[in-house]
Amino acid sequence: MRREIIKNHLLGFKNEISKAKSGGKDTFFTWFNSAKDTDASFVRGAWDFAFHISLPILKYVDNPETKTILEIGYGGGRILAAASRHFAKVIGVDIHEEKLFVETELKKRGIKNAVLLKGNGSNISTRSSSVDIVYSFIVLQHIEKMELFRKYFKETFRILKPGGVAILYFARYCRFSKGRSSLLLYWLDNLLELILLRRGFIEVPSQVNDVNLIVSVNYVKNLSEKIGFQVKGLVVSRIRVPDGINLYGGQHGVVIRKPL
């Protein structure tokens, strides 16, 4: 049965995630990345953390064992679990109601340095200048409105310590290159993005857990600089890590730093 296109995706996500939990542990934890079971979801999360988060920010982070890292949209905690092995403290923020369920699973996996927070879809209930690193992966592409997207960038700047770094992924225009390995097709999509996304973004009416917001690279760079960030780099996601490491995914990631 086709899922309904809804207008309130905050409520929609809460409802769908609650339904997933009612289906049992594997149904819940695999809802966030379509792995075969809970253990596979956490293994895939470790690969995503290593490739999509760690590598792009590696040269901007020293002494990780002393640092605090925060994830926007922790979902089932699969990526947060990987981060917990490298940092002194990990903080996860999400809008769903299943915090206790995720906390229980993390503790079963020996993770004791994680703090999970309930979010409202735009604000992060963390003190200003208190976090060393912020990341978000496969989350901001589901933001319903550009105003909320901008708010998360502003909140990231607020909570980062001076010199802190963030890597935030967002949906890119990828009509031809997603799931392909062709560099030519990748650059074709980048060119089409310049032509078609004249406002810098497209808000897409969609079902829950489909892409809601496509944002151009130039828009994100300009937004970041306007807020006060230094833009350090740009990366593109891969569709499956490690299986499809040569295949382009549907997101760009921007590496941004709060000046000292």
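All values reported here derive from a predicted model rather than from experimental measurement.

Novice: Before we move on, could you go through the overall build of the chain and cite the residues and values that matter?
Specialist: Regarding its fold elements, the chain presents eight helices and nine strands. For 260 residues, the compact-globule formula gives about 18 Å, and the C-alpha radius of gyration of the chain, at 17 Å, lands near that figure. Counting every position in the chain, which comprises 260 residues, the buried fraction comes to 50%. Long-range pairs, those at least 24 residues apart, make up 70% of the contacts in the chain with a sequence separation of at least 6. When the accessible area of the chain is evaluated, it comes to approximately 12600 Å², of which 53% is carbon and sulfur surface. Considering the chain, the positive charge centre built from 40 side chains and the negative charge centre built from 24 side chains are found 3 Å apart.

Novice: I'd love a proper account of the packing of aromatic side chains, names of residues and values included.
Specialist: For any pair of aromatic rings, geometry is given as the distance between the ring centres together with the angle between the planes. Under the definition given, this model contains 16 aromatic pairs. Pairing phenylalanine 29 with phenylalanine 42 gives two aromatic rings, centres 5.7 Å apart and planes at 50 degrees, and the pair type is tilted. Placement of phenylalanine 29 in helix 2 (residues 25-30) and of phenylalanine 42 in helix 3 (residues 38-57) is noted, with a sequence separation of 13 residues between them. Residue classification places phenylalanine 29 among the buried residues on the basis of a relative accessible area of 1%. Centroid distance tryptophan 31 to phenylalanine 32: 5.2 Å. Interplanar angle 80 degrees. Geometry classified as edge-to-face. Grouping aromatic residues by their ring pairs yields a cluster made of Phe13, Phe28, Phe29, Trp31, Phe32, Phe42 and Phe101. Across from the ring centre of phenylalanine 42, 4.1 Å away, lies the NZ or CZ of arginine 109, which sits over that ring. Over the ring of phenylalanine 157 we find lysine 258, and its NZ or CZ is 4.9 Å from the ring centre.

Novice: Help me get a handle on the packing of helix 6 (residues 146-159) against helix 8 (residues 217-227), residues and values and all.
Specialist: Axis separation between helix 6 and helix 8 bottoms out at 10 Å; the angle between their running directions is 45 degrees. Comparing the axis directions of helix 6 and helix 8 gives the class oblique. With respect to the hand of their crossing, helix 6 and helix 8 are arranged in right-handed fashion. Between helix 6 and helix 8, the contacting residues are Met146, Phe149, Arg150, Phe153, Lys154 and Phe157 on the first element and Tyr219, Val220, Leu223, Ser224 and Ile227 on the second. Residues belonging to the contact of helix 6 with helix 8 are distributed by class as follows: eight nonpolar, one polar and two charged.

Novice: Give me the lowdown on the nonpolar core, citing residues and values where you can.
Specialist: Grouped together as the largest cluster of nonpolar side chains are 32 residues, with contacts concentrated most on Phe49, Ile53, Ile57, Ile69, Leu106 and Tyr135. Broken down by secondary-structure element, the contributors of at least two residues to this core are helix 1 (9-22), helix 2, helix 3, helix 4 (78-84), helix 5 (99-108), strand 4 (131-136) and strand 5 (160-171). Examining the composition of this core, we find that five residues originate from one element, helix 4, more than from any other. Excluding anything up to four places from it in sequence, phenylalanine 49 contacts Ser54, Ile69, Ile79, Ala82, Ala83, His86, Phe87 and Tyr135. One finds Met146, Tyr152, Leu168 and Val254 within the second-largest nonpolar core, a separate group that totals 28 residues.

Novice: Kindly report on the pairing of strand 8 (residues 230-240), identifying the contributing residues and their values.
Specialist: As paired strands, strand 8 and strand 9 (residues 244-257) are joined by eight bridges and run antiparallel to one another. Among the inter-strand pairings, arginine 240 is bridged to a residue of strand 9, identified as glycine 244. Taking the residues between adjacent antiparallel strands as the criterion, strand 8 and strand 9 are bridged by three residues.

Novice: Explain the pairing of strand 2 (residues 89-94) to me, and be specific about the residues and the numbers.
Specialist: For strand 2, the buried fraction is high: five of the six residues fall into the buried class. Taken together, the five bridges between strand 1 (residues 68-72) and strand 2 define a ladder with parallel strand orientation. Looking at the pairing, leucine 70 lines up with isoleucine 91 of strand 2. Pairing geometry for strand 2 and strand 3 (residues 114-118), over five bridges, is parallel. Looking across to strand 3, one finds that isoleucine 91 is bridged to valine 115. One crossover worth recording links strand 2 to the parallel strand 3 by way of helix 5, and it is right-handed.

Novice: Break down the pattern of salt bridges for me, with residues and values.
Specialist: On inspection of all chains with the given rule, the structure shows 13 salt bridges. A salt bridge links lysine 21 to glutamate 98; the shortest N-O distance between them is 3.4 Å. Of this pair, lysine 21 sits in helix 1 while glutamate 98 is found in the loop between strand 2 and helix 5, placing the two residues 77 residues apart along the sequence. Overall, the relative accessible area of 9% leaves glutamate 98 in the buried class. Across the pair arginine 44 and aspartate 243 runs a salt bridge whose closest N-O atoms are separated by 2.9 Å. Separated by 199 residues along the polypeptide, arginine 44 in helix 3 and aspartate 243 in the loop between strand 8 and strand 9 bring together distant segments of the chain. On the accessibility criterion, arginine 44 (29% relative accessible area) is partly exposed. By relative accessible area, aspartate 243 is classed as exposed at 53%. In the salt-bridge network here, residues are joined through shared partners; they are Lys25, Asp39, Glu105 and Arg109.

The rules behind each value
Residues numbered from 1 in each chain as written. Predicted model: local features only at pLDDT ≥ 70, side-chain atom pairs only at ≥ 80, totals over all residues. Heavy atoms only, no water. Helix = DSSP H or I, 4+ residues; strand = E, 2+ residues; numbered from the N terminus. Rg over C-alpha atoms; globule rule 2.2 N^0.38 Å. Buried < 20%, exposed > 50% of the residue type's maximum accessible area, 1.4 Å probe, protein only. Contact = heavy atoms within 4.5 Å. Areas by Shrake-Rupley, 256 points an atom, 1.4 Å probe, with all protein chains shown as cover. Lys, Arg positive; Asp, Glu negative; His and termini not counted. Charge placed at Lys NZ, Arg CZ, Asp CG, Glu CD. Phe/Tyr/Trp six-rings, centres within 6.5 Å; stacked < 30°, edge-to-face > 60°. Lys NZ or Arg CZ within 6 Å of the ring centre and 35° of its normal. Axes fitted to C-alpha atoms, helices over the stretch in contact; angles between N-to-C directions. Parallel < 35°, antiparallel > 145°, perpendicular 65-115°, else oblique. Left-handed = near helix turned anticlockwise from the far one by under 90°. Nonpolar A, V, L, I, M, F, W, Y, C, P; charged D, E, K, R; others polar. Core = buried A, V, L, I, M, F, W, Y, C linked by side-chain atoms within 4.5 Å. Pairing = 2+ DSSP bridges. Right-handed = clockwise from strand over helix to strand, strands pointing away. Salt bridge = Lys/Arg side-chain N within 4 Å of Asp/Glu carboxyl O.

Shape is all these values report; function is a separate question.
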